[in-house]
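What follows is the residue order along each chain.
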Amino acid sequence: MTKFAALFVVVFLAQNSWAAPSSAKISPALQASLTKAASAEILVSFGGTGNTLAQVSSFSFPNIAARREAISEALKAHATPKQQRVLNLLTKQRSLKNVVSLWISNQVFVKEATAEVISALAELDEVTYIQQNEYIPLEQSEVLPGKAPKDSGILAEWGVENINAHHVWQHANGNSGEGVIIATIDTGVRGTHETLRN
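Below you will find a few notes about this structure.

The nonpolar side chains of a soluble globular protein tend to be buried with one another. By size, the foremost hydrophobic cluster in this structure holds 21 residues, and its most contacted members are Ile42, Val44, Leu121 and Ile130. For this core, the secondary structure elements donating two or more residues are helix H2 (28-34), strand S1 (39-45), helix H4 (64-91), strand S3 (107-114) and helix H5 (115-122). Broken down by element, the residue count for this core peaks at five residues, all from H5. Setting aside chain neighbours within four positions, we find Leu121 in contact with Ile42, Val44, Val86, Leu89, Leu90, Val127 and Ile130.

In structure tokens:
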């Protein structure tokens, strides 16, 4: 009976050691999630991009395309050796179907990573942190009663109707915007976008 009890304790401890890996490299939220689920979507981090962007920024380039290419190549060159052992380990796991290298942020996305895989990743020196992939829902636009999005005939966004711009345009002294040039400065603007290019 004593041998059976000792064997039971060993088996119990072995099973529970993989149920919720404990490491300073594994986020508490991910550890908690693994106590309730067999796997999780994770992001494996390697300490960011380091000073790669600062190094590239110190050079001058003939045009923006050359600068973008240099940044892209530098980030890939930084991420590739840091991620290599992790990608090799994950490739050997036949159960993992979705593993993606994210060279821009120097992370690896893994879908359905088990506690065993996560513990193995946390043991690697180059891995700095492992966290659960989070989904953040987008806020829904508020549509006022009687102001549902629809085609106004002016090929404009529905917000134009919500602010009653057509009432201003109908006045004799109203401004239709014709001949007015509006500019914006924003790093996210693409001048070739169909709304902006003309």
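Let us look at the pattern of salt bridges. Tallying each qualifying case throughout the model produces two salt bridges. Note that Lys111 and Glu41 form a salt bridge whose closest N and O atoms lie 3.8 Å from each other. Residue Lys111 is found in strand S3, and its partner Glu41 is found in strand S1; the two are separated by 70 residues along the sequence. For Glu41, a relative accessible area of 17% gives the class buried. A salt bridge links Arg85 to Glu126; its shortest N-O distance comes to 2.9 Å. Residue Arg85 is found in helix H4, and its partner Glu126 is found in the loop between H5 and strand S4 (129-132); the two are separated by 41 residues along the sequence. A relative accessible area of 46% means that Arg85 is categorised as partly exposed.

Let us now look at unusual backbone geometry. Positive phi values are uncommon outside glycine, yet Asn106 reaches one of about 55°. Its place among the elements puts Asn106 in the loop between strand S2 (99-102) and S3. The phi torsion at Glu112 lies on the positive side, around 60°, for a residue other than glycine.

For the rest of this paragraph, the subject is the sheet that holds S3. With antiparallel pairing, four strands are arranged side by side in an open sheet as S2-S3-S1-S4. The sheet is open, and its two borders are formed by S2 and S4, each paired with just one other strand. Along the sheet, successive strands turn relative to each other by an average axial angle of 25°, direction set aside. Pairing of S1 with S3, which is carried by six bridges, proceeds in the antiparallel orientation. Looking at the pairing, Ser39 lines up with Thr114 of S3. With respect to the sheet, H5 is in contact with S1, S3 and S4, its orientation differing from that of S3 by roughly 145°.

Here is what the cut-offs are and how they apply
- Residues numbered from 1 in each chain as written.
- Predicted model: local features only at pLDDT ≥ 70, side-chain atom pairs only at ≥ 80, totals over all residues.
- Heavy atoms only, no water.
- Core = buried A, V, L, I, M, F, W, Y, C linked by side-chain atoms within 4.5 Å.
- Buried < 20%, exposed > 50% of the residue type's maximum accessible area, 1.4 Å probe, protein only.
- Helix = DSSP H or I, 4+ residues; strand = E, 2+ residues; numbered from the N terminus.
- Contact = heavy atoms within 4.5 Å.
- Salt bridge = Lys/Arg side-chain N within 4 Å of Asp/Glu carboxyl O.
- Pairing = 2+ DSSP bridges.
- Axes fitted to C-alpha atoms, helices over the stretch in contact; angles between N-to-C directions.

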